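Descriptive analysis of the structure
Okay, here's what each chain looks like letter by letter:
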Amino acid sequence: EQGFVEVLAPIIGPCTDPGIRGARQATIDYFGRTYKVMSSAILYKQMVAASLKKMFFFSPNVRLEPLETVKTGRHLCEFFQVDVEEADASYLDAMSVAEKTLRRVVERTLELHERDLASLGRKLAVPETPFKKLTHREAVEMLRSKGYDASYSEELTWSNEEAISSMFDSPFFVYDYPKGSRGFYDREDPRRPGILRDFDMIYPEGYGEAASGAERENDCEIVTRKMRANGEDPESYEWYMEMLKLGVPASAGFGIGVERLTRYVCGLKSIWEARPFPKVAGIYSP
Ligand code: AMP
Ligand code: MG
């Protein structure tokens, strides 16, 4: 409905998203070379957006999450992301696509499955757009004023994210995260050094993060510098660096987790209930 073209997502490749907050990447032996199982297909999105302008993947992701995520209610080791990217777009454009997408999903679910939701005891209203927007600084101030220990220079912790989510009854955005809190691909604002042009969309009622998004860093030199600062070796991102050298248009996008969306829409206590054969950190299961 918004003009985005679906592309089949790669599942394995020589490199994948390193910005996965303490999770480990899964690897496989690919004819004698180590390949990664996609922790996110983000690196491929810029290339596809360069050719199709507006694209999305339904992308299966694997992240070996830390054991403590068993308690968050929103982490699986295998999950799906709808990964969206638009060339020549800003993070404000991406936020607008994200909120329209969420609104539409809720609208359709209410149209088609109102009785199912009632049987789950879930009361859900179509959220009004545009969603509220808080800068990261404002979010930290809000948390601190309620007695939480939140840092101005880091991404919100999982417990802070849940706390701020509980303070709202409609989805909202936190934007302008501090430099260093995210992967090398989130673009630093050239006019406000230290601030990234990125965001999270957050569910209300304590359900926490729905999606993360940003404008992309597409300058090869800046990316190289940021990789080195994060302790990463640009050589292990060979095809990606090659792409940046040849040049890709500026773009922005986001990834929204499918199981978290199901959990929120259905009002489930834990994400394990939101998909068949859930993989939870440290637990051997089918
Ligand atoms: P990230 O790039 O880490 O922000 O991931 C993008 C989106 O994928 C998040 O906003 C979540 O909706 C979803 N996601 C990330 N990690 C997990 C996980 N371990 N289990 C389920 N969903 C996840
Ligand atoms: Mg995130």
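See the structure printed just above.
Below, the structure is looked at part by part.

Criteria and thresholds
- Residues numbered from 1 in each chain as written.
- Chains lettered and ligands numbered in written order.
- Predicted model: local features only at pLDDT ≥ 70, side-chain atom pairs only at ≥ 80, totals over all residues.
- Heavy atoms only, no water.
- Helix = DSSP H or I, 4+ residues; strand = E, 2+ residues; numbered from the N terminus.
- Rg over C-alpha atoms; globule rule 2.2 N^0.38 Å.
- Buried < 20%, exposed > 50% of the residue type's maximum accessible area, 1.4 Å probe, protein only.
- Contact = heavy atoms within 4.5 Å.
- Areas by Shrake-Rupley, 256 points an atom, 1.4 Å probe, with all protein chains shown as cover.
- Near = heavy atom within 4 Å.
- Polar contact = N/O pair within 3.5 Å; in protein donor to acceptor, adjacent residues only side chain to side chain.
- Patch = residues over 30% accessible without salt bridge, like charges linked within 9 Å, V, L, I, M, F, W, Y side chains within 5 Å.
- Salt bridge = Lys/Arg side-chain N within 4 Å of Asp/Glu carboxyl O.
- Lys, Arg positive; Asp, Glu negative; His and termini not counted.
- Charge placed at Lys NZ, Arg CZ, Asp CG, Glu CD.
- Core = buried A, V, L, I, M, F, W, Y, C linked by side-chain atoms within 4.5 Å.

1. Regarding the overall build of the protein
When helices and strands are counted, the protein shows seven helices and 11 strands. For a compact globule of 286 residues, the expected C-alpha radius of gyration is about 19 Å, and the protein comes in at 19 Å, within 12% of that figure. Projected onto its principal axes, the C-alpha coordinates of the protein cover approximately 50 × 45 × 40 Å. When burial is assessed residue by residue, the protein has 52% of its 286 residues classed as buried. Within the protein, contacts between residues separated by at least 24 positions form 67% of all contacts whose residues are at least 6 apart in sequence. By element, 53% of the accessible surface of the protein is carried by carbon and sulfur atoms, the whole surface being about 14,200 Å².

2. Some thoughts on the site of ligand 1
Around ligand 1 sit 15 residues, and of these Arg63, Glu65, Leu76, Glu209 and Ala210 come closest. Arg63 places a polar side-chain atom, nitrogen or oxygen, 2.7 Å from an oxygen atom of ligand 1. The contact in question runs from an oxygen atom of ligand 1 to an N or O atom on the backbone of Gly257, over 3.0 Å. For ligand 1, the protein covers 90% of the area, taking 470 Å² as the surface of the free molecule. Secondary structure elements with two or more residues in the shell around ligand 1: β6 (78-87), β10 (208-215) and β11 (251-257). Ranked by residues supplied to the shell around ligand 1, first place goes to β10 with four residues.

3. Description of a negative patch on the surface
On the surface, a cluster of negative charge is made up of Asp233, Glu235, Glu238 and Glu242. As for its placement among the helices and strands, Glu242 is situated in helix α6 (residues 238-246).

4. Let's talk about unusual backbone geometry
Cis rather than trans, the peptide bond between Thr129 and Pro130 has omega equal to -5°. Secondary-structure assignment places Pro130 in the loop between α2 (91-119) and β7 (132-135). Phi angles above zero are rare outside glycine, and Phe31 is one such case at about 50°. Here Phe31 lies in the loop between β3 (27-30) and β4 (33-37). Judged by its relative accessible area of 75%, Phe31 is exposed. Phi is positive for Glu205, close to 60°, though the residue is something other than glycine. As for its position among the elements, Glu205 is in the loop between β9 (198-203) and β10. In this structure Glu205 comes out as partly exposed when scored by relative accessible area, which is 39%.

5. Focus: the nonpolar core
Ranked by internal contacts, the top residues of the largest apolar core, which has 30 residues, are Phe199, Met201, Tyr203 and Phe254. Sorting elements by how many residues they give to this core places α2 first, with nine residues. Those residues within four positions of Met201 in sequence are excluded, and the remaining contacts are Ala98, Glu99, Leu102, Phe131, Phe172, Phe173, Glu209, Ala210, Ala211 and Ile256. Listed in part, the 14 residues of the second largest apolar core include Leu43, Met227, Met241 and Met243.

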